[in-house]
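# Structural overview
The lines below spell out each chain.
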Amino acid sequence: MLLLLPTTQPARPRRGPDLSVEQGGQGSATSWVLAALSAGSALGGLAYGALTWRSGARVRLALLGSGFGVSLAAAGFAPGIGALAAVSALAGVFVAPALTTAYLMVDDAAPVHARTRANAWVNTAFNAGVSGGAAAGGLMVSGLPLELCFALAGAPVLAAAVVAGLRVRVDAGGTRLDPSRSPAPPRRPGHGPG
């Protein structure tokens, strides 16, 4: 999403919000949109941490990813800067909870001696995704309609959410096949939260 916000006048007319610098100070709109995304993420993280969840982490991750992907795709249809900031804040609501859930899943799945390394891979995957997405977004925004750019940015998130959701199944007997709902291995004192 970061590089889908153009900061120079596009070569051809575009629908959607105009964030170009040449539009009388509208270039600062990019920072407000990113601030809205960050504020939404902070609020989402606080709300997520305050709730007690009955669903498994895999289910939550699929739902959070779906919410982020849909709201990101919808951002391209925002009619102006204010609406784009609002949709970006909504998209942000899903970011911190999704990252938190990913860390919790990895922490529960990894052996005690490998938890730090396993959680470092969550960081690595997130940073690689942001970097690759920023590069792809930069290429897309120069030649595609803004609506399509946002839709394409949301597509990988939605695809990952669908894959995660497909792994949550119920067998004929009604037993949930969600490994993230199994009890976590016992923790040794001084080795992680809890």
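Residues numbered from 1 in each chain as written. Predicted model: local features only at pLDDT ≥ 70, side-chain atom pairs only at ≥ 80, totals over all residues. Heavy atoms only, no water.

Looking now at helix α4 (residues 95-109). Between its first and last C-alpha atoms α4 spans 21 Å; for 15 residues at 1.5 Å apiece the expected length is 21 Å, and the two agree. Of all the positions in α4, only Ala96, Pro97, Ala98, Thr101, Ala102, Met105 and Asp107 are classed as buried. Looking at the buried positions of α4, the neighbouring elements they touch are α1 (29-50), α2 (57-75), α3 (81-92) and α5 (115-141). (Helix = DSSP H or I, 4+ residues; strand = E, 2+ residues; numbered from the N terminus. Expected span 1.5 Å × (residues − 1). Buried < 20%, exposed > 50% of the residue type's maximum accessible area, 1.4 Å probe, protein only. Contact = heavy atoms within 4.5 Å.)

Time to look at the nonpolar core. In terms of nonpolar packing, the biggest core is built from 20 residues, with Leu64, Phe68, Leu72, Leu84 and Phe150 touching the most fellow members. Counting only elements with at least two residues in this core, the list comes to α1, α2, α3, α5 and α6 (146-166). (Core = buried A, V, L, I, M, F, W, Y, C linked by side-chain atoms within 4.5 Å.)

Next up on the list: the environment of serine 71. As for its position among the elements, serine 71 is in helix α2. When the C-alpha positions of serine 71 and valine 93 are compared, they lie 9.8 Å apart, and in sequence the two are 22 residues distant. Beyond its immediate chain neighbours, meaning those up to four positions away, serine 71 contacts Val87, Leu90, Ala91 and Phe94. Within polar-contact distance, the side chain of serine 71 engages the backbone oxygen of glycine 67 at 2.8 Å. (Polar contact = N/O pair within 3.5 Å; in protein donor to acceptor, adjacent residues only side chain to side chain.)

Structurally, alanine 36 is set in helix α1. Those residues in contact with alanine 36 that lie beyond four places of it in its chain are Ala85, Ser88 and Ala89.

What follows concerns the confidence of the model for the protein chain. Residues of the protein chain with pLDDT of at least 70 account for 72%, and the chain-wide mean is 79. A low-confidence stretch, residues 6-13 stays under pLDDT 50, and its non-local contacts, those more than four residues away or across chains, total 18 contacts. Under a pLDDT of 50 for its full length, residues 170-185 has, in the predicted model, 25 contacts with residues more than four places off or in other chains. (pLDDT = per-residue confidence, 0-100.)

A few words on the side chain of serine 88. Assignment of secondary structure puts serine 88 in helix α3. On the basis of relative accessible area, serine 88 is assigned to the buried category, the value being 0%. Here leucine 84 takes part through its backbone oxygen, which lies 2.8 Å from a polar atom of the side chain of serine 88.

Direction vectors running N to C along α2 and α6 enclose 165°, while the axes themselves pass 8 Å from each other. One finds that α2 runs roughly antiparallel with respect to α6. Here α2 runs over α6; the crossing is left-handed. For the pair α2 and α6, the contacting residues are Arg58, Ala62, Gly65, Ser66, Phe68, Gly69, Val70, Leu72, Ala73 and Ala75 in the first and Phe150, Ala151, Ala153, Gly154, Val157, Leu158, Ala161, Ala164 and Gly165 in the second. Looking at the contact of α2 with α6, its residues break down into 13 nonpolar, five polar and one charged. (Axes fitted to C-alpha atoms, helices over the stretch in contact; angles between N-to-C directions. Parallel < 35°, antiparallel > 145°, perpendicular 65-115°, else oblique. Left-handed = near helix turned anticlockwise from the far one by under 90°. Nonpolar A, V, L, I, M, F, W, Y, C, P; charged D, E, K, R; others polar.)

To continue, consider the packing of α1 against α3. Axis separation between α1 and α3 bottoms out at 6 Å; the angle between their running directions is 30°. Judged by the inter-axis angle, α1 sits roughly parallel to α3. Considering how the two elements wind past one another, α1 and α3 form a crossing that is right-handed. Across from Ala29, Val33, Ala36, Leu37, Gly40 and Ser41 in α1, the residues of α3 making contact are Ile81, Leu84, Ala85, Ser88, Ala89, Ala91 and Gly92. Of the residues belonging to the contact of α1 with α3, the class tally is nine nonpolar, four polar and no charged.

This next bit is on α3. In this model α3 runs 16 Å from its N-terminal to its C-terminal C-alpha over twelve residues, within 8% of the 16 Å that 1.5 Å per residue would give. Leu84, Ala85, Ser88, Ala91 and Gly92 are the residues of α3 that are buried. Along the axis of α3, the buried positions cluster into a sector of 120°, meaning they face one direction only. (Arc of directions from axis to C-beta.)

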